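Each chain, written out:
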Amino acid sequence: MTDLPPLKTVTDLKLPRYLGTWYEIARLPMRHEPEGCTDVSAHYQLLDNGNVAVTNRCRMDGEIEEATGEACAIDNDSARLEVSFLPKGLRWLPFAKGDYWVMQVAPDYSVALVGSPDRKYLWLLAREPRLDATVQEHYLASARLQGFDLSELILTPHTGHPTA
């Protein structure tokens, strides 16, 4: 991979507005989310310790699968989070955290583009399971400009049976 500039993130993410339910519109492949997953959703909720509870759900072979984790801000920057899905007692392990950096968010917090600084992971999220194609392409173009290779992008199927 060529030397890329640091990943640009939202400068003033309003975490309370970001919380709630998001639907995955597209993603880059990753081993912990099988390609056959449909109806992928994520729910974010503020915890008493200031971290964010993460509940990811998808439908796999008709059954809902769920993963729960916890995200914490890096350097008090709510747009740059580290997420762990390990059991609570093991979440302190440094190698068990994944980067979740909010690169772009719509002014009304209806669409978000999230990635990892190494450009290996990318998610396009929306508050509804469908997203206008023009809006979708705008966010994906932004990802390309930041150095993401979208040749293996997966458009997440939503079957009308939401998991959130």
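Residues numbered from 1 in each chain as written. Predicted model: local features only at pLDDT ≥ 70, side-chain atom pairs only at ≥ 80, totals over all residues. Heavy atoms only, no water.

- If you look the protein up in an unreviewed UniProt entry, it shows as Outer membrane lipoprotein Blc from Stenotrophomonas indicatrix.
- Of the protein, the UniProt comment under Subunit (unreviewed entry) reads exactly: "Homodimer."
- Per UniProt, the comment on the protein under Subcellular location (unreviewed entry) is "Cell outer membrane". (UniProt positions renumbered as here; feature names shortened; annotations may be inferred.)

1. Focus: the packing of aromatic side chains
Here is step 1: One pass over the structure, following the stated rule, counts five aromatic pairs.
Here is step 2: With 5.8 Å between their ring centres and 20° between their planes, Y18 and Y44 make a pair best called stacked. Taken as a pair, Y18 in helix 1 (residues 15–18) and Y44 in strand 2 (residues 38–46) lie far apart in primary sequence, 26 residues in all. The exposure classification of Y18 matches that of Y44, with both residues buried.
Here is step 3: Members of the aromatic cluster, each reached through a chain of ring pairs, are Y18, W22, Y44, Y100, Y121 and W123. (Phe/Tyr/Trp six-rings, centres within 6.5 Å; stacked < 30°, edge-to-face > 60°. Helix = DSSP H or I, 4+ residues; strand = E, 2+ residues; numbered from the N terminus. Buried < 20%, exposed > 50% of the residue type's maximum accessible area, 1.4 Å probe, protein only.)

2. Notes on the nonpolar core
Here is step 1: Within the largest apolar cluster, 23 residues are counted, with the highest numbers of intra-cluster contacts made by L13, Y18, Y44, Y100, V102 and L125.
Here is step 2: Listing elements by their share of this core, those giving two or more residues are helix 1, strand 2, strand 3 (52–60), strand 5 (77–84), strand 6 (98–105), strand 7 (111–115) and strand 8 (122–126).
Here is step 3: If we skip the residues at most four places from it in the chain, L13 touches Y18, S78, A79, V102, V105 and Y109.
Here is step 4: In this structure, V111, L113, L131 and L150 belong to the second largest nonpolar core, which totals 18 residues. (Core = buried A, V, L, I, M, F, W, Y, C linked by side-chain atoms within 4.5 Å. Contact = heavy atoms within 4.5 Å.)

3. Description of the environment of D39
Here is step 1: Positionally, D39 belongs in strand 2.
Here is step 2: Of the residues examined, D39 reaches a relative accessible area of 2% and is grouped as buried.
Here is step 3: Residues D39 and R57, spaced 18 residues apart in sequence, show a C-alpha to C-alpha distance of 7.9 Å.
Here is step 4: The contact partners of D39, leaving out residues within four places of it in the chain, are R57, C58, R59, T156, P157, H158, T159, G160, H161 and T163.
Here is step 5: Side-chain polar atoms of D39 contact the backbone nitrogen of T159, separated by 2.7 Å. (Polar contact = N/O pair within 3.5 Å; in protein donor to acceptor, adjacent residues only side chain to side chain.)

4. Thoughts on helix 2 (residues 133–145)
Here is step 1: Taking 1.5 Å as the rise per residue, helix 2 with 13 residues should run 18 Å; its terminal C-alpha atoms sit 18 Å apart, in good agreement.
Here is step 2: Where helix 2 is concerned, the buried positions are Q136, Y139, L140, S142 and A143. The buried residues of helix 2 all sit within an arc of 150° when viewed along its axis, so they share a single face. More than 90 degrees from the buried face of helix 2, the exposed residues found are A133, T134 and L145.
Here is step 3: Where the residues of helix 2 are buried, they touch strand 1 (20–27), strand 6, strand 7, strand 8 and strand 9 (154–155).
Here is step 4: Where helix 2 starts, the residue carrying a side-chain oxygen 3.0 Å from the main-chain nitrogen of T134 turns out to be D132.
Here is step 5: Where helix 2 terminates, the next one or two residues include G147, which has phi positive at roughly 100°. (Expected span 1.5 Å × (residues − 1). Arc of directions from axis to C-beta.)

5. Here's the deal with the environment of W101
Here is step 1: You can see W101 is positioned in strand 6.
Here is step 2: With 21 residues separating them along the chain, W101 and L122 place their C-alpha atoms 9.2 Å apart.
Here is step 3: Filtering out sequence-adjacent residues up to four positions away, W101 remains in contact with L7, T9, I74, A79, R80, L81, L113, V114, G115 and P117.

6. Considerations on unusual backbone geometry
Here is step 1: Notably, D75 is not glycine yet its phi reads approximately 50°, a positive angle.
Here is step 2: The residue D75 is located in the loop between strand 4 (63–74) and strand 5 in this model.
Here is step 3: Despite not being glycine, N76 shows a phi value in the positive range, around 55°.
Here is step 4: If you trace the backbone, N76 turns up in the loop between strand 4 and strand 5.

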